[in-house]
Amino acid sequence: MDTLEIKAFAKVNLGLDVVRRLENGYHEVRMVMQTVNIHDTLTLKRAEKGIVLTTDNEALPKDEDNLVYKAARLLMESCRIEEGVSIHLEKRIPMAAGMAGGSSDAAAVMKGMNTLFSLGLSEEELRRLGVKLGADIPYCIMGGTALAEGIGEKLTSLVAAPDCFLLVAKPDIDVSTRYVYENLDLSAIEKHPDIDGMVEAIREGNLHGVTERMDNVLQSVTERKYPVITRLKSFMEENGACKALMSGSGPTVFGVYEEEEKAKAAKEKLSGKGLAGQCFVTTFIPKEEGYAG
């Protein structure tokens, strides 16, 4: 095999709790992660030597400042690949959005190179390598519905979340994850998300049990700085969403709908409000679709 095309799927956080700040500056978290059907596409080709990265988005770096490049280099060095690789990235996942776009691209490169160069690495081995580059990469390698603990690298695969439709909206702002965590006052959090209850609701196939427990402790930090997030959440819930929530450190907001028609109608109405630059109606996808490698 000389060429391989692979999809890199976005994620949302159905629940995100921060347990404590660790001595190394990271935060211990408990999260329920879910792959959604919004994806970038990467085309990998064998080359004589080196790493060549191209993309359809001029805003993205094409060198070691890009996680895709770092992931390719990590695999080449770890597995002593003597050949090179050419990578083209077509970007669809919103950038700086709290949807793990960069981490998903890196994960896809690792899975793709594992296949392209017949490395024979297991998913677990890829995840152990991936965490060296970022805490979200192990989950992006796994995909599907998962409980994430530690700094996000301790993963428990769950049964597929109940079927539903999502309205995903990314306002025209970029949010610094570092800023959000630095401004999170853990002592001020009065109520933490019921992550265990959400996991049980997923196991029971209870969509309303999931949406009732959707919460994100980072949301209050980002909302204070960017009130558009509050407006997006309110709009979605006033227009048919069971619940709306910010994903990750933001600013993307997603609403959960039982009916596709309601999600599409809300998207149409939202397009005239000027609250979001990018909007999607999409679905959850299970692990077997989210993982390819």
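Described in the following lines is the structure provided in the data block.

1. Points about the pattern of salt bridges
Moving on, step 1. For the structure shown, the criterion picks out 18 salt bridges.
Moving on, step 2. Between Arg 30 and Glu 149 there is a salt bridge, and its shortest N-O distance comes to 3.1 Å. Note that Arg 30 is positioned in strand E2 (residues 27–47) and Glu 149 in strand E5 (residues 145–149), a separation of 119 residues in sequence.
Moving on, step 3. Put simply, Glu 123, Glu 124, Arg 127, Arg 128 and Lys 287 are held in one network by salt bridges that share partners.

2. Re the packing of aromatic side chains
Moving on, step 1. One pass over the full model with this rule turns up 0 aromatic pairs.
Moving on, step 2. A cation sits over an aromatic face here: Lys 225 above Tyr 179, 5.1 Å from the ring centre.

3. Here we look at the packing of helix H2 (residues 101–116) against helix H3 (residues 123–130)
Moving on, step 1. The interhelical angle for the contact between H2 and H3, taken along N-to-C directions, is 135°, at an axis separation of 11 Å. The angle between H2 and H3 places the two elements in the oblique class. In the crossing of H2 with H3, the sense of the turn from one axis to the other is right-handed. Along the contact surface, H2 presents Met 110, Lys 111 and Asn 114, while H3 presents Leu 126, Leu 129 and Gly 130.

4. What about the environment of Met 236?
Moving on, step 1. With respect to the helices, strands and loops of the structure, Met 236 is situated in helix H9 (residues 228–238).
Moving on, step 2. Taking the relative accessible area as the measure of exposure, Met 236 reaches 0% and is therefore buried.
Moving on, step 3. Taking the C-alpha atoms as reference, Met 236 lies 25 Å from Leu 184; in sequence the two are 52 residues apart.
Moving on, step 4. Here Met 236 is in contact with Leu 167, Ala 169, Ala 241, Ala 244, Val 253, Phe 254, Gly 255 and Tyr 257, once residues within four sequence places are set aside.

5. Remarks on the side chain of Ser 249
Moving on, step 1. By secondary structure assignment, the location of Ser 249 is in the loop between strand E9 (243–246) and strand E10 (253–257).
Moving on, step 2. Not counting chain neighbours up to four residues away, the residues in contact with Ser 249 comprise Gly 98, Val 175, Thr 177, Val 180, Leu 218 and Thr 222.

6. Quick word on the sheet that holds E10
Moving on, step 1. Taking strand neighbours across the sheet as the criterion, the 4 strands line up as E9-E10-E7-E11 in an open arrangement whose pairing is antiparallel. Unpaired on one side and paired on the other, E9 and strand E11 (278–282) mark the two borders of the sheet. Pairwise comparison of adjacent strand axes, ignoring direction, gives a mean angle of 15° for this sheet.
Moving on, step 2. Bridge analysis of strand E7 (residues 165–170) against E10 gives 5 bridges, and the strand direction is antiparallel. When the bridges of E10 are listed, Phe 165 appears paired with Tyr 257.
Moving on, step 3. H9 contacts E7, E9 and E10 of the sheet and is inclined by roughly 10° relative to E10.
Moving on, step 4. The strands touched by helix H10 (residues 260–270) within the sheet are E7, E10 and E11, with E7 carrying the most contacts at an inclination of about 20°.

Calculation notes
Residues numbered from 1 in each chain as written. Predicted model: local features only at pLDDT ≥ 70, side-chain atom pairs only at ≥ 80, totals over all residues. Heavy atoms only, no water. Salt bridge = Lys/Arg side-chain N within 4 Å of Asp/Glu carboxyl O. Helix = DSSP H or I, 4+ residues; strand = E, 2+ residues; numbered from the N terminus. Phe/Tyr/Trp six-rings, centres within 6.5 Å; stacked < 30°, edge-to-face > 60°. Lys NZ or Arg CZ within 6 Å of the ring centre and 35° of its normal. Axes fitted to C-alpha atoms, helices over the stretch in contact; angles between N-to-C directions. Parallel < 35°, antiparallel > 145°, perpendicular 65-115°, else oblique. Left-handed = near helix turned anticlockwise from the far one by under 90°. Contact = heavy atoms within 4.5 Å. Buried < 20%, exposed > 50% of the residue type's maximum accessible area, 1.4 Å probe, protein only. Pairing = 2+ DSSP bridges.

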